[in-house]
Amino acid sequence: MTDPIALLLADDHPVVRAGLRAVLDTEPDFQVVAEAATAERAVALAATGVCDVVLMDLQFGSGMHGAEATAAITAAPDAPRVLILTTYDSDADILAAVEAGAAGYLLKDAPPEELAAAVRTAAAGRSALAPEVAHRLMDRMRTPAQALTKRELEVLQLVGEGLSNQQISKRLFLSQATVKSHLVHIYAKLGVDSRTSAVAAATARRLIRR
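Keep in mind that what you see is a predicted model, and the values were worked out from it rather than measured. (Residues numbered from 1 in each chain as written. Predicted model: local features only at pLDDT ≥ 70, side-chain atom pairs only at ≥ 80, totals over all residues. Heavy atoms only, no water.)

Peer 1: Just checking my understanding: could you explain the overall build of the chain for this structure?
Peer 2: Scanning the chain from N- to C-terminus turns up ten helices and six strands. What you see for the chain is a C-alpha radius of gyration of 18 Å, in line with the 17 Å of a compact globule of 210 residues. Each principal axis of the C-alpha distribution contributes one length, and for the chain these read about 60 × 30 × 30 Å. Out of the 210 residues belonging to the chain, those deemed buried represent 45%. Excluding contacts between residues fewer than 6 apart, the proportion of contacts in the chain whose partners are at least 24 apart in sequence is 61%. Charge-centre separation for the chain: the mean point of 21 positive side chains lies 8 Å from the mean point of 25 negative side chains. (Helix = DSSP H or I, 4+ residues; strand = E, 2+ residues; numbered from the N terminus. Rg over C-alpha atoms; globule rule 2.2 N^0.38 Å. Buried < 20%, exposed > 50% of the residue type's maximum accessible area, 1.4 Å probe, protein only. Contact = heavy atoms within 4.5 Å. Lys, Arg positive; Asp, Glu negative; His and termini not counted. Charge placed at Lys NZ, Arg CZ, Asp CG, Glu CD.)

Peer 1: It is not clear to me how the side chain of Gln-157 should be interpreted in this structure. Could you clarify?
Peer 2: Tracing the backbone shows Gln-157 in helix H7 (residues 150–160). Engagement of the side chain of Gln-157 in a polar contact is seen with the backbone oxygen of Arg-209, the distance being 2.8 Å. Gln-157 has contacts with Ala-92, Ile-208 and Arg-209, leaving out every residue within four places of it along the chain. (Polar contact = N/O pair within 3.5 Å; in protein donor to acceptor, adjacent residues only side chain to side chain.)

Peer 1: Sorry, what's going on with the pairing of strand E3 (residues 53–56) here?
Peer 2: In summary, the side chains of a regular strand alternate between the two faces of the sheet. Residues Val-53 and Leu-55 of E3 are buried on one face, and the alternating residues Val-54 and Met-56, pointing to the opposite face, are buried as well. Bridge count between strand E1 (residues 5–10) and E3: four bridges; the pairing is parallel. Across the sheet, residue Leu-7 finds its bridge partner in E3, namely Val-53. Bridge count for E3 against strand E4 (residues 81–86) is four bridges, and the pairing is parallel. Across the sheet, residue Leu-55 finds its bridge partner in E4, namely Leu-83. (Pairing = 2+ DSSP bridges.)

Peer 1: Sorry, what's going on with the layout of surface pockets here?
Peer 2: One water molecule sets the probe size; rolling that probe over the atoms shows where empty space is left. Quantified by volume, the largest pocket comes out at close to 690 Å³. Surrounding the largest pocket, 23 residues form its lining, His-65, Glu-154, Gln-157, Leu-158 and Glu-161 being those nearest its centre. Contributing elements (two or more residues each) for the lining of the largest pocket: helix H3 (66–74), helix H4 (91–100), H7 and helix H8 (165–172). Taken together, the residues of the lining of the largest pocket break down into ten nonpolar, five polar and eight charged. The computed volume of the second largest pocket comes to approximately 210 Å³. Taken together, Asp-91, Arg-136, Asp-139, Arg-140, Thr-143, Gln-146, Ala-147, Leu-148, Leu-190, Arg-205 and Leu-207 make up the full set of residues lining the second largest pocket. Among the elements that line the lining of the second largest pocket, the one with the most residues is helix H6 (residues 131–142), at three residues. Within the lining of the second largest pocket, the residues separate by chemical class into four nonpolar, two polar and five charged. (1 Å grid on protein atoms, 1.4 Å probe; cavity = no way out; pocket = protein on both sides within 12 Å on 5 of 7 lines; lining within 4 Å. Points joined across faces, edges and corners; volume = space filled by probe spheres on them. Nonpolar A, V, L, I, M, F, W, Y, C, P; charged D, E, K, R; others polar.)

Peer 1: Help me out: how do you make sense of the packing of H7 against helix H10 (residues 195–204) in this one?
Peer 2: Helix packing geometry: the angle between the two helix axes and the distance between the axes. At their nearest, the axes of H7 and H10 sit 10 Å apart, and the two run at 110° to each other. Considering the angle they form, H7 stands roughly perpendicular to H10. Seen from H7, the contacting residues are Leu-156, Val-159 and Gly-160; seen from H10, they are Arg-195, Ala-198, Val-199 and Ala-202. Here the contact of H7 with H10 is built from residues that sort into five nonpolar, one polar and one charged. (Axes fitted to C-alpha atoms, helices over the stretch in contact; angles between N-to-C directions. Parallel < 35°, antiparallel > 145°, perpendicular 65-115°, else oblique.)

This is how it looks when you write it as structure tokens:
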């Protein structure tokens, strides 16, 4: 008999972790071995080799973001696989997670059988993307000229959060001229001529999170 797939649940909401544990405990080949309420704790636990797959939320309130934690975990040798499980499906979130090394990306409203299948797929070393997430990535590949780059999405996300060009330049370690250049490209790709219109268009297309 093979060993069960050892799971680490990383989410800052105890109720969510309890719900996940209840669902995953019904699978005979799964074993929830640890929980983390912060991304930092998830990184520390993953480094101990205790788990095969980390189910990682993206937002943890203050502190490290889930994508940052994913990058930290997957950078280590013989790292566990990281499966993002979140409520967010914006292009900015998806790209950040995939670039960080996530083995999969699921939304929290996924049915239990889809979640179980994704865990097994990730544990086997394959990619496990929710169908709607895979579809969004395919759309980006089909129209690369119109697709915003990861950096453009980062700039636009911060514009949406109300930051000025100066604040964005400090946050992303860019010159203000570079920020302005990114905004010019963003406006052209979205067919808009203002920050407000860019944020509205990007939110409507689920490119950024509001």
